[in-house]
Every structure is written in C-alpha cells, then in structure tokens.
Amino acid sequence: MKRGLFVASSLASLGLSGCGPLKDALTNGPFHSVLSGTEGLNRVVIDTRGMARLYPDSAVDRNFRVNGLDTPSDDLYTRLARSGFRDYRLIVDGLVDRPQKLSLPELRAAGSLAQTTRHDCVEGWSAIGKWNGPRLGTVLAMAQPKAAARYCVFRCFDRDASGQPYYESLDLHQAAHPQTLLALDLNDAALDPDHGAPVRLRIPTQLGYKSAKWVSRIELVATLDGLYGGGGGYWEDQNYDWYAGI
Ligand SMILES: Nc1nc2c(c(=O)[nH]1)N[C@H]1C(S)=C(S)[C@@H](COP(=O)(O)O)O[C@H]1N2
Ligand SMILES: [Mo]
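Read on for an overview of the structure.

The rules we used
Residues numbered from 1 in each chain as written. Chains lettered and ligands numbered in written order. Predicted model: local features only at pLDDT ≥ 70, side-chain atom pairs only at ≥ 80, totals over all residues. Heavy atoms only, no water. Near = heavy atom within 4 Å. Polar contact = N/O pair within 3.5 Å; in protein donor to acceptor, adjacent residues only side chain to side chain. Areas by Shrake-Rupley, 256 points an atom, 1.4 Å probe, with all protein chains shown as cover. Nonpolar A, V, L, I, M, F, W, Y, C, P; charged D, E, K, R; others polar. Helix = DSSP H or I, 4+ residues; strand = E, 2+ residues; numbered from the N terminus. Core = buried A, V, L, I, M, F, W, Y, C linked by side-chain atoms within 4.5 Å. Buried < 20%, exposed > 50% of the residue type's maximum accessible area, 1.4 Å probe, protein only. Contact = heavy atoms within 4.5 Å. Pairing = 2+ DSSP bridges. Salt bridge = Lys/Arg side-chain N within 4 Å of Asp/Glu carboxyl O.

Things to note about the site of ligand 1
Working step 1: Around ligand 1, a shell composed of 20 residues is seen, among which Arg 65, Leu 69, Asp 158, Arg 200 and Lys 213 lie nearest.
Working step 2: In the environment of ligand 1, a nitrogen atom lies 2.7 Å from a nitrogen or oxygen atom belonging to the side chain of Asp 158.
Working step 3: The contact in question runs from an oxygen atom of ligand 1 to an N or O atom on the side chain of Lys 213, over 2.5 Å.
Working step 4: Isolated, ligand 1 exposes 540 Å² of accessible area, and the fraction of that covered by the protein chains is 99%.
Working step 5: The class makeup of the residues in the shell around ligand 1 is ten nonpolar, six polar and four charged.

Some remarks on helix H5 (residues 75–82)
Working step 1: The N-cap of H5, judged by a side-chain oxygen 3.3 Å from the amide nitrogen of Leu 76 a few residues on, is Asp 74.
Working step 2: Phi for Gly 84, located one or two positions after H5, is positive at around 65°.

A closer look at the nonpolar core
Working step 1: Counting residues in hydrophobic clusters, the biggest one holds 51 residues, and the most contacted among them are Tyr 88, Leu 90, Leu 107, Leu 136, Cys 152, Phe 154 and Ile 218.
Working step 2: If near-sequence neighbours (up to four positions away) are discounted, Cys 152 is found in contact with Leu 136, Leu 140, Glu 168, Ser 169, Leu 170, Leu 172, Ala 175, Ile 218, Glu 219 and Leu 220.
Working step 3: By size, the runner-up hydrophobic cluster in this structure holds eight residues, among which are Tyr 151, Val 153, Tyr 167 and Trp 242.

Section: the pairing of strand S4 (residues 126–133)
Regular strands have side chains that alternate between both faces of the sheet.
Working step 1: S4 sits mainly inside the fold: seven of its eight residues count as buried.
Working step 2: Here strand S3 (residues 113–120) folds back onto S4, and the loop between the two strands holds five residues, one of which, Gly 124, carries a positive phi near 110°.
Working step 3: Sheet topology note: the S4/strand S8 (residues 185–186) ladder contains two bridges and is antiparallel. Note on S8: the bridge partner recorded for Trp 131 is Leu 186.

Considerations on the environment of Ala 110
Working step 1: Looking at the element boundaries, Ala 110 is found in the loop between helix H6 (104–109) and S3.
Working step 2: Here the alpha-carbon distance between Ala 110 and Met 142, two residues 32 residues apart in the chain, equals 9.0 Å.

Observations concerning the pairing of strand S5 (residues 151–159)
Working step 1: Counting buried positions along S5 yields eight of nine residues, so the element is predominantly enclosed.
Working step 2: Alignment of S5 against strand S6 (residues 165–171), held across six bridges, turns out to be antiparallel. Within the sheet, the bridge partner assigned to Phe 154 lies in S6 and is Glu 168.
Working step 3: If you look at the hairpin formed by S5 and S6, you'll find five residues sitting between the two strands, and Gly 163 has a positive phi there, around 90°.
Working step 4: Bridge analysis of S5 against strand S11 (residues 215–221) gives six bridges, and the strand direction is antiparallel. Bridge assignment links Val 153 to a residue of S11, and that residue is Glu 219.

Points about the environment of Ser 169
Working step 1: Summarising the element assignment, Ser 169 is placed in strand S6.
Working step 2: Residues Ser 169 and Ile 218 lie 49 residues apart in sequence; the distance between their C-alpha atoms is 9.0 Å.
Working step 3: In contact with Ser 169, not counting residues within four places along its chain, are Cys 152, Val 153, Phe 154, Lys 210, Leu 224, Gly 232 and Trp 242.
Working step 4: Side-chain polar atoms of Ser 169 contact the backbone oxygen of Gly 232, separated by 2.7 Å.
Working step 5: A polar side-chain atom of Ser 169 sits 2.8 Å from a polar atom in the side chain of Trp 242.

Re the pattern of salt bridges
Working step 1: For the structure on display, the rule yields eleven salt bridges.
Working step 2: Residues Arg 217 and Asp 93 are paired through a salt bridge, measuring 3.1 Å at the closest nitrogen-oxygen approach. Of the two residues, Arg 217 sits in strand S11 while Asp 93 sits in strand S1 (residues 90–94), which places them 124 residues apart along the sequence.
Working step 3: Judged by relative accessible area, Asp 93 falls into the buried class, the value being 18%.
Working step 4: Note that Lys 130 is salt-bridged to Asp 188, the shortest N-O span being 3.1 Å. Residue Lys 130 is found in strand S4, and its partner Asp 188 is found in the loop between S8 and strand S9 (189–190); the two are separated by 58 residues along the sequence.
Working step 5: On the accessibility criterion, Asp 188 (57% relative accessible area) is exposed.
Working step 6: Taken together, the shared-partner salt bridges connect Asp 93, Arg 155, Arg 217 and Glu 219 into one network.

Okay, here's the thing in structure tokens:
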C-alpha cells in the first residue's frame, strides 16, 4: 500500500481524517480567525482577479504523488478503464436546459488548455503537474444552466471503506474561473487511473481536496442542503471548509 493511503486509512480508523492534524491547526488556530475575518475579501480577490501561479514545464514532478481514497476497482469502472474509457460519458444535468452526455473525444473537442500549476494538499505536501483539458466553464455552458442553478456538484466513481461516495462542489463563479479545468491529461499523457482517469477537476486556486478525481457526473443544483451531509463535499461533511481558496 502507498504510504499516503496507509496513513490516511489508519487515521480514518481512529476517526480522524487523512488531512486531519494540519487541517485542525488551520481551522482552530489563530490563522483561522484571520482567514474567517477576511474571507469575504479573499473570495472577491481570489475568485475574480486572483490567478494561480503558472510554472515552466521543467518544474513538473514526473512522479506526481497519489493521494486520497483508493482508485475505484468496481465492475463498472474496471470495465470502462479496460476499454480505454471508450464507453465513458460525462453526464452534466440537474438545473440545465440541455443535459449533456459527453464522450472523451467530445470533451477534447470542447477545448484544450495546458496549464502547469502546483497542487497543494492540506496535509502539507505539494506537487507541480502539467494539466490539460477543457475549461469547466465551457463544458457547463454547453448544458445551459438555468437561472436557479448556483452550484455544480461533482459525483465521483470512488467510495470510502464504509461505502460513502466522494463528491465535491463549486459555486458557478468558482466554476467559471478561467483556470478551472476538467483535466484529461497529466504531464502530456492521458490521465492514469490513480490520478483520476478519465476526467478530474483541476482547480489550482483551491486546496487539493476540491480537485475531484474520477468524475462521472456534474449536477447543477440550487442548494447543497440535503445532499449527503450538506457540507458540499466528502471532506466538508467531516468539517473541512467548503471554501478552500489558497
Ligand atoms: N474522487 C476523489 N477525488 C479526490 C480525492 C479522493 O479521495 N477521491 N482526494 C483529494 C485529495 S485530498 C487530494 S490531495 C487529491 C490527490 O490527487 P492526486 O492523487 O492526483 O495527487 O485528490 C483529491 N480528489
Ligand atoms: Mo489532499
């Protein structure tokens, strides 16, 4: 087992999250009161003008660390992966006028932005990768969100040991940030299963847990209430901040 997964699962068995200790320091320490006091301001600065730093391709970490829940091994995912995800369709539905079912070639045709950015995990490690794929905003626009839509929810193929699915959410403003991608490639190769194949969210302006891997469906909703724990994400339901701007 990879060390990160081992640490995460042993912490989980203690009832602590994989990103727990540092996260506790961030949410309970003095840093947090500074953050909460200026959160409104941060939100404006980061979401409308703030751009994540771009790195030269020479800075990429060729062995990009793998972290989080285990790569899905259920029948559906295994079958899709075996055929090179030929039968995969990304569903975009919910509060939209034109629900979409997009194949990988259709997603590639929707745009291709190459972006070398740093992924920051709340556990305290970072890795630089070159990501490539269409902007999330472009793909959402294809589905024509209705006026009542406020968030997009990312449903993923993976589940934790207790059967709880991983999910994440962004508001439509964060989703439309020009650096928010649906990544199809990492370091010039199609995403491998461990890094979230065939499609993962890549949002370099927010902490790593927001960048959902193995995305199967994006649902547009008016509220996050009533969805699993109501926190808007797998880790958020375990008390991580929904707003994870860096
Ligand atoms: N579906 C899914 N997405 C996920 C996770 C996960 O467990 N499941 N872990 C998150 C966390 S905490 C991190 S740091 C990154 C790890 O991405 P990597 O394995 O490509 O490094 O994925 C994020 N997205
Ligand atoms: Mo993370």
